[in-house]
Amino acid sequence: MAERIEQRLEDRVPELEQLERVGLFTRKEIKAVLRRASALEYKIQRRALRKEDFINYIQYEINLLELIKKRRARTGYSFKKDEIEISILHRIHSLFNRAIGKWKEDVQLWLSHVAFCKQWNAKHQLSRVFSSMLAIHPNKPALWIMAAKWEMETRLSSENARHLFLRALRFHPECPKLYQEYFRMELMNAEKQRKEKKEFERAKMDLGEFSYSEEILNGEMARIIYRDAAQKIKGVEFHLAVLSIAKLFDFTQDLQKEILESLQTTFADDPLTWDYMARRELELASLQSTKHTTKQTKVSEMTQREERCSAVFEEAVKAVPTEDMWKYYITFCLERYNRKTNSEELKQKRLERTLSAFNKAHESSLLPEALYKQWLQLLLESNFFEKATEVAEAATKHFSLSVEMWQMRLQVLIQLKSDDVTQCFEEAIKHVKSKGTLPIWTLWVEWSEGTKSKEDTEAVYQRSLHTTTHAESVTMKEKYLDWTYRNSGYKKVRRVFTSLCENRPFSLDFFRKMIQIEKEQESCKMLHLREYYERALRDFGSTDSDLWLDYIKEELSHPQGKPENCGGIHWRAMKMLQGDLVEDFVSKYTLLQTGHL
């Protein structure tokens, strides 16, 4: 091993001598490079190889290359690259090859090599890397696409790119992304050849026997790919994806028409097809429009476009009466409504259209639950309060088990200061199962705190503790404790705390809140603090080391504290704490004893 390392370091000497001779590095720097290289070489010659060692070595060599590049730029010296950079580049490729040979499954390692080749324009090397990588990882379409794009865009070889796509499709015959990118590549190739032909014709150059294929120029290769893919790939998304690609090229009108006709024939009942056809009216209108000078004409034109879109959507919801179809229609209406405009007339029409769509979907019982909230927000923003109340009530009838729907209705009633809030809370609790009612109880007590008497609010808190699940009652106990202290003072909160302690479960915050309340009193009693800590430790003594430490600190710092109790508390903590918490407690306790905590 030592001989091999010695040989590798000797192989470096010519490049390092050149670096010193041309003044890019000093003698001191050359020695530092040799020391670092020697250490890195030893690490990659061990029996138990580690990937990180190779990565570190490669990164060091890349950093060295970058440093040389910067110094060349600074000094203006550009000679001897064969003796210096080329030697380092070969070594980096060799390191990558060794690492990849050992960890073939690591795609990131392959991609790092690809990125390095691209950065240093190592085209021949990169071609070999792609070839090896695809042989090892033929199951990853993204790698095939990457290789084909490089062939097309960097090496300008449509033939190689086509060959790679065809090989990839043998492994992945139903991969939409592969077909899309293959389709794009053929259209890019057609566009490139059309430009070349135009340049030759402009220059009146004689091409001799060479001639451009009319099929390729007109995008026939892309058409063949589309037709082949359409037989294998189901779903409207693929057709829309290739259509959006075709629209990027100005010579594909016939191809676009074919895809569109196939879309309408094959997926006539798909909401996504209708959504596309409706939105297309906006694009068609914008393509046909001419430049106008008056704002009123522009507003009028936009209104007509949106009405044409709406007409298609109206047809769609009749042809495909589903929740998804209404969702697409309403989403379109909301998008248009939220667009900024200075025209009050246009904004009003958009609002009317949106509210009409919401209403029709609701009357058809096809309005999704999630959209009711947006409908209500729009109604409230537009000051249609009576309608908002009706819609909120209808939503809770339609989705009577939904906590969100009840919450939404209650928020509307609260916002409108309705007299029916209490009755609605009662209905909500009756309809919704106990599990998940926490948001309703939280809303109820918050509303009651601001509008009702203490007695009424306390009654709501008491009810919530009996009707929520054990887990949810924990939160209500914390809120109840906090509200009692804020509104009724210390003596009352002590009684409530004692009462609440009769029924588990509790949270640690529940006890910490009571400890904090006690500490805020002028006559803070250590006797009470001990009670709270002891209660808390029964439930959390095995899982919270800080609780024990705080208890010890209290005994040490409180005027009525008993420092002699600390040893007993420490002993109990060591017995109760689980796993790593013991070590954590010991280290913190040591810091406490030395005055560093």
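Quantities reported herein were computed from a predicted structural model and do not represent experimental measurements.

> Could you give an account of the overall build of the protein chain, naming the residues involved and the relevant values?
A count of helical and extended segments in the protein chain gives 29 helices and zero strands. Scaling as 2.2 N^0.38, a compact globule of 597 residues should have a C-alpha radius of gyration of about 25 Å, whereas the protein chain reaches 37 Å, well beyond that. In terms of principal-axis extent, the alpha carbons of the protein chain reach across some 105 × 80 × 45 Å. Burial statistics for the protein chain: of 597 residues in total, 45% are counted as buried.

> Tell me about unusual backbone geometry, and please be specific about residues and values.
The general pattern is negative phi for most residues beyond glycine and trans for most peptide bonds. With an omega of 5°, the peptide bond running from R504 to P505 counts as cis. Locating P505 in the fold gives a position in the loop between α24 (470-500) and α25 (508-519).

> Before we move on, could you go through the side chain of H172 and cite the residues and values that matter?
Within the secondary structure, H172 sits in the loop between α8 (158-171) and α9 (176-203). Aside from chain neighbours lying at most four places away, what touches H172 is P138, N139, K140, P141, W144 and L178.

> Give a detailed account of the state of the cysteines, specifying residues and quantitative values.
Under the counting rule described, the total for this entry stands at zero disulfides. Free of any disulfide, C333 has its nearest cysteine sulfur in C309, 9.7 Å distant. Looking at C333, the relative accessible area reads 2%, which means it is buried.

> Please give an account of the UniProt feature "domain: U3 small nucleolar RNA-associated protein 6 N-terminal" (unreviewed entry) in the protein chain that cites residues and values.
As annotated by UniProt and renumbered to match this structure, "domain: U3 small nucleolar RNA-associated protein 6 N-terminal" (unreviewed entry) occupies residues 9-91. Its end C-alpha atoms 12 Å apart, residues 9-91 is made of 76% helix and 0% strand.

> Before we move on, can you summarise the pattern of salt bridges with the specific residues and values?
Under the counting rule described, the total for this entry stands at 52 salt bridges. Note that K197 and E201 form a salt bridge whose closest N and O atoms lie 3.9 Å from each other. Taken together, the residues K197 and E201, both in helix α9 and four residues apart, mark about one turn of the helix. Linking E199 and R202 is a salt bridge whose minimum nitrogen-to-oxygen distance equals 3.2 Å. Taken together, the positions of E199 and R202, both in helix α9 and three residues apart, correspond to about one turn of that helix. Judged by its relative accessible area of 46%, E199 is partly exposed. Using a relative accessible area of 58% as the deciding quantity, one classes R202 as exposed. Because the salt bridges share partners, they merge into one network encompassing R12, E15, E61 and R91.

> Pulling in residues and values, what's your account of the packing of aromatic side chains?
Under the definition given, this model contains 27 aromatic pairs. For the ring pair F585 and Y589, a centre distance of 5.9 Å and an interplane angle of 20° mean the geometry is stacked. A residue pair is termed a helical-turn pair when its members lie 3 or 4 positions apart in one helix, as F585 and Y589 do in helix α29 (residues 581-593) at four residues. Like Y589, F585 is buried. Following the ring pairs from residue to residue traces out a cluster consisting of F497, F506, F510, F511, Y532 and F540. Its guanidinium or amino end placed over the ring of W120, K69 lies 5.6 Å from that ring's centre, counting from NZ or CZ. Across the ring face of Y337, the terminal group of K347 is positioned such that the distance to the ring centre comes to 4.5 Å.

> Which residues make up helix α6 (residues 123-136), and what are the values?
For α6, built from 14 residues, the straight-helix expectation of 20 Å at 1.5 Å per residue is met to within 8% by its first-to-last C-alpha distance of 20 Å. Among the residues of α6, those classed as buried are Q125, L126, V129, F130, M133 and L134. The arc enclosing the buried residues of α6, seen along the axis, measures out at 160°, which places them on a common side. Facing away from the buried side of α6 by more than 90 degrees, the exposed set consists of H124 and A135. In the core, the buried residues of α6 are packed alongside α4 (85-102), α5 (107-119), α7 (141-153) and α8.

> So what about the environment of S365? Which residues, and what values?
Its location among the elements puts S365 in the loop between α17 (344-363) and α18 (369-381). Judged by its relative accessible area of 44%, S365 is partly exposed. The spacing of S365 and A316 is 49 residues in sequence and 16 Å in space, taken between C-alpha atoms.

Quick notes on the rules
Residues numbered from 1 in each chain as written. Predicted model: local features only at pLDDT ≥ 70, side-chain atom pairs only at ≥ 80, totals over all residues. Heavy atoms only, no water. Helix = DSSP H or I, 4+ residues; strand = E, 2+ residues; numbered from the N terminus. Rg over C-alpha atoms; globule rule 2.2 N^0.38 Å. Buried < 20%, exposed > 50% of the residue type's maximum accessible area, 1.4 Å probe, protein only. Contact = heavy atoms within 4.5 Å. Disulfide = S-S within 2.5 Å. UniProt positions renumbered as here; feature names shortened; annotations may be inferred. Salt bridge = Lys/Arg side-chain N within 4 Å of Asp/Glu carboxyl O. Phe/Tyr/Trp six-rings, centres within 6.5 Å; stacked < 30°, edge-to-face > 60°. Lys NZ or Arg CZ within 6 Å of the ring centre and 35° of its normal. Expected span 1.5 Å × (residues − 1). Arc of directions from axis to C-beta.

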